[in-house]
Amino acid sequence: MNSPGGPNAKQKADHDKMSKMTGAGFDKMFATHMVADHQKDIAEYKKASKSKDAAGEYASGQIDTLQKHLDTAKSLKAGN
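In what follows, the accompanying structure is described. Since we're looking at a predicted model, the values are computed, not measured. Position labels on residues start from 1 in each chain and follow its written sequence. Two thresholds apply to this predicted model, a pLDDT of at least 70 for residue-level local features and 80 or more for giving and counting side-chain atom pairs, whereas whole-chain, interface and lining totals are computed over all residues. The side-chain numbers reported here are obtained from all heavy atoms of the structure, hydrogens and water having been left aside.

Between its first and last C-alpha, helix H2 (residues 23–48) extends 37 Å over 26 residues, near the 38 Å set by a 1.5 Å rise per residue. Burial here depends on accessible area, computed with a 1.4 Å probe over protein chains only, as a share of the maximum for the residue type. Under 20% is buried, over 50% is exposed, and the range in between is partly exposed. Here a strand is any run of E in DSSP of at least two residues, a helix any run of H or I of at least four, and the numbering for each starts at the N terminus. All of the buried residues along H2 are Met29, Ala31, Val35, His38, Asp41 and Ile42. In a helix, the anticipated span is given by 1.5 Å times the number of residues less one.

The next thing to look at is the nonpolar core. As used here, the term nonpolar core means buried Ala, Val, Leu, Ile, Met, Phe, Trp, Tyr and Cys residues forming a set that is joined through side-chain atoms within 4.5 Å. Formed by Val35, Ile42, Leu66, Leu70 and Ala73, the largest nonpolar core amounts to five residues. Counting only elements with at least two residues in this core, the list comes to H2 and helix H3 (54–78). Top contributing element to this core by residue count: H3, with three residues. Contact definition: two residues touch when any of their heavy atoms are within 4.5 Å. Beyond its immediate chain neighbours, meaning those up to four positions away, Leu66 contacts His38, Asp41, Ile42 and Tyr45.

Among the secondary structure elements, Leu66 is positioned in helix H3. Remark: the alpha-carbon pair of Leu66 and Ala31, spanning 35 residues in sequence, is separated by 15 Å.

On to the packing of helix H1 (residues 9–19) against H2, then. Note on geometry: axes are C-alpha line fits, over the in-contact stretch for helices, and angles between N-to-C directions span 0 to 180 degrees. Between H1 and H2, whose axes approach to 11 Å, the crossing angle comes to 155°. In this view, H1 runs roughly antiparallel relative to H2, as classed from their interaxial angle. Crossing of H1 against H2: the hand is left-handed. Residues Lys10, Asp14, Lys17 and Met18 of H1 form the contact with H2, whose own contacting residues are Phe26, Met29, Phe30 and His33. Any residue outside Ala, Val, Leu, Ile, Met, Phe, Trp, Tyr, Cys, Pro, Asp, Glu, Lys and Arg is labelled polar, Gly included; the first ten of those are nonpolar and the last four are charged. Here the contact of H1 with H2 is built from residues that sort into four nonpolar, one polar and three charged. Any angle that is under 35 degrees is reported as roughly parallel, and any over 145 degrees as roughly antiparallel; angles of 65 to 115 degrees are reported as roughly perpendicular and all others as oblique. Each helix crossing is assigned a hand: it is left-handed if the near helix lies turned anticlockwise from the far helix by less than a right angle, otherwise right-handed if that turn is clockwise.

Encoded structure:
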């Protein structure tokens, strides 16, 4: 797997949109993105954790932290 060289087109578009936002609109969009991103990451880490190698062990060890981050992101979203 190669690491990305930079943001993809969707990430650039989201950044451009959010960079023009302020206040509650920004907060809501940011929280929505954080929830979606952490849900995606958790799914990928759970899949990777099934590997019986160092990468799988690492992924397995990160799931609890990612879940805590997701819970925090959900609380931010609920606050808006």
